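# Understanding the architecture of this molecule
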Amino acid sequence: MATIDGLPPLRAVIGTHGLSARKALGQNFLLDLNLTAKIARSAGALEGHDVLEVGPGPGGLTRGLLAEGARRVLAVEKDPRCLPALEEIAQAYPGRLEVVQGDALAGDMLARLEPPIRIVANLPYNVGTELLVRWLTPQVWPPRWSTLTLMFQREVAERIVARPGSKAYGRLALLAQWRTEARIVMSLPPEAFTPPPKISSAVVHFTALPEPRYPADPKVLERVVAMAFNQRRKMLRAALKGLGPDIEDRLLAAGIPPTARAEEIDLERFCALARSLG
Ligand code: SAM
């Protein structure tokens, strides 16, 4: 069966190159090229953009990114078995795909790309959360990337976009929403993947804000938020008492009732509290 880019269908690619999915590498592949094109489009316009793709696997999403017009794709894949399949894609798109074999957690690939940069990935879930936190906490802001379009397990996606007052609201929501506009752009059932994982997934699209939504020192904000949510059922005056004897006054000055709990407090007030402690 012909495909849009003239390359073999992904099931054939997997068969030819013996890419049986390995659990240890979190391999749940997307084999529907219509779906991977849709995910690529959800990243925004790709013409004139360099793209960092982490974990291309057999290359379904990579093909989507190239077919949708990415100027250049740098793809980092840990599993050497995938390299021949990715090489075939590189040949079909001369000069536009570079593949690096290695662990995406080991090095900084962004330095190799020219802005504007979009990051797109369908990654194992644990690696995805770790990379997300790194991408959201660079030395300087704004970061080198302008958008992130990442697959997460649905429950993690909901934690990222959660609002105050909900169970899902916590450190991840505050970190993501402080410096980006984050929204869920697609939901995927387990059957979208081969093999199907046990849980549903969702794609989250993040746009980097030119500067954080409210001023605060990143380290102080992280510390306050971590302390507040580590004991999320406690009143804040108790959860944060390690921050000093005058914590009640500081809470009040930041507009936070000392008897409130962390999940009731919005980002603006956490930033005000961090400023008073910074
Ligand atoms: N993007 C492909 C797709 O959508 O079909 C593959 C997705 S699969 C969920 C995750 C991919 O990430 C696998 O190909 C796996 O080998 C790769 N991977 C796992 N850990 C990695 C790491 N630390 N660095 C780079 N790639 C990794």
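Just so you know, these numbers come straight off a predicted model, no measurement behind them.

## Let's talk about the domain arrangement of the chain
- For the chain, the domain assignment lists domain 1 (2-208) and domain 2 (218-277).
- For domain 1 versus domain 2, the distance between C-alpha centres works out to 35 Å.
- Contacts between the two partners involve nine residues from domain 1 and, on the opposite side, 10 residues from domain 2.
- Classifying every residue of the side of domain 1 that touches domain 2 by side-chain character gives four nonpolar, four polar and one charged.

## Details of unusual backbone geometry
- Geometrically, the link from Pro-115 to Pro-116 is a cis peptide bond, its omega value of 0° lying close to zero.
- Tracing the chain through its elements places Pro-116 in the loop between strand S4 (97-101) and strand S5 (117-121).
- The peptide bond linking Trp-141 to Pro-142 adopts the cis configuration, its omega dihedral lying at 5°.

## Overview of the sheet that holds strand S2 (residues 50-54)
- On the basis of which strands lie adjacent, the open sheet formed by seven strands has the order S4-S3-S2-S5-S6-S9-S7 and mixed pairing. Each having just a single partner strand, S4 and strand S7 (180-188) make up the two edges of the open sheet. This sheet shows a mean twist of 15° between the axes of neighbouring strands, independent of strand direction.
- Bridge analysis of S2 against strand S3 (residues 72-77) gives five bridges, and the strand direction is parallel. What sits directly across from Val-51, in S3, is Val-73.
- Each of S3 and S4 touches helix H4 (residues 83-92); the most contacted strand, S4, lies at about 165° to it.
- Against the sheet, helix H6 (residues 154-161) engages strand S6 (145-153), S7 and strand S9 (201-208), with an angle of about 155° to S7.

## Things to note about the pairing of S5
- Extensive coverage of S5 is indicated by the burial of five of its five residues.
- Of the two faces of S5, both are covered, the one formed by Ile-117, Ile-119 and Ala-121 as well as the one formed by Arg-118 and Val-120.
- Where S2 and S5 come together, five bridges link them in parallel fashion. Residue pairing across strands places Val-51 opposite Arg-118, the latter belonging to S5.
- As paired strands, S5 and S6 are joined by five bridges and run parallel to one another. What sits directly across from Val-120, in S6, is Thr-149.
- In this view, the connection linking S5 to its parallel neighbour S6 by way of helix H5 (residues 125-136) has right-handed handedness.

## Some remarks on the UniProt feature "domain: Ribosomal RNA adenine methylase transferase N-terminal" (unreviewed entry) in the chain
- The residues that UniProt annotates with the feature "domain: Ribosomal RNA adenine methylase transferase N-terminal" (unreviewed entry) are residues 35-210.
- Strand forms 28% of residues 35-210 and helix 31%; the C-alpha atoms that close the span are 31 Å apart.

## Quick look at the site of the ligand
- Surveying the vicinity of the ligand reveals 24 residues, the closest of which are Phe-29, Gly-55, Gly-57, Ala-104 and Asn-122.
- Looking at the shell around the ligand, the elements with two or more residues in it are strand S1 (29-30), helix H3 (60-67) and S3.

## Things to note about helix H11 (residues 267-277)
- Along H11, the residues classified as buried are Leu-267, Phe-270, Cys-271, Leu-273 and Ala-274. Seen from one end, H11 has its buried residues packed into an arc of 160°, which puts them on one side.
- If you follow the buried residues of H11, they end up packed against helix H7 (171-179), helix H8 (218-230) and helix H10 (247-253).

## Quick notes on the packing of H6 against H7
- Close contact between H6 and H7 brings their axes to 6 Å; oriented N to C, the two are set at 60°. It follows that H6 is oblique to H7 by the angle criterion. Counting all contacts with H6, which are made through Arg-159, Ile-160 and Val-161, the residues of H7 involved are Leu-172, Ala-173 and Ala-176.

## Considering H8
- In this model, H8 (13 residues) spans 18 Å end to end at C-alpha, consistent with the 18 Å of a helix rising 1.5 Å per residue.
- Looking at the buried positions of H8, the neighbouring elements they touch are H7, helix H9 (236-239) and H11.

## A word on the confidence of the model for the chain
- Counting all residues, the mean pLDDT for the chain is 96, and 99% of those residues have values of 70 or more.
- If you check the scores for this complex, the pTM reads 0.97 and the ipTM reads 0.99.

Conventions we followed
- Residues numbered from 1 in each chain as written.
- Predicted model: local features only at pLDDT ≥ 70, side-chain atom pairs only at ≥ 80, totals over all residues.
- Domains from an automatic or database assignment.
- Contact = placed C-beta atoms within 7 Å.
- Nonpolar A, V, L, I, M, F, W, Y, C, P; charged D, E, K, R; others polar.
- Helix = DSSP H or I, 4+ residues; strand = E, 2+ residues; numbered from the N terminus.
- Pairing = 2+ DSSP bridges.
- Axes fitted to C-alpha atoms, helices over the stretch in contact; angles between N-to-C directions.
- Buried ≥ 20, exposed ≤ 12 C-beta atoms within 10 Å, placed from the backbone.
- Right-handed = clockwise from strand over helix to strand, strands pointing away.
- UniProt positions renumbered as here; feature names shortened; annotations may be inferred.
- Near = placed C-beta within 6 Å.
- Arc of directions from axis to C-beta.
- Parallel < 35°, antiparallel > 145°, perpendicular 65-115°, else oblique.
- Expected span 1.5 Å × (residues − 1).
- pLDDT = per-residue confidence, 0-100.

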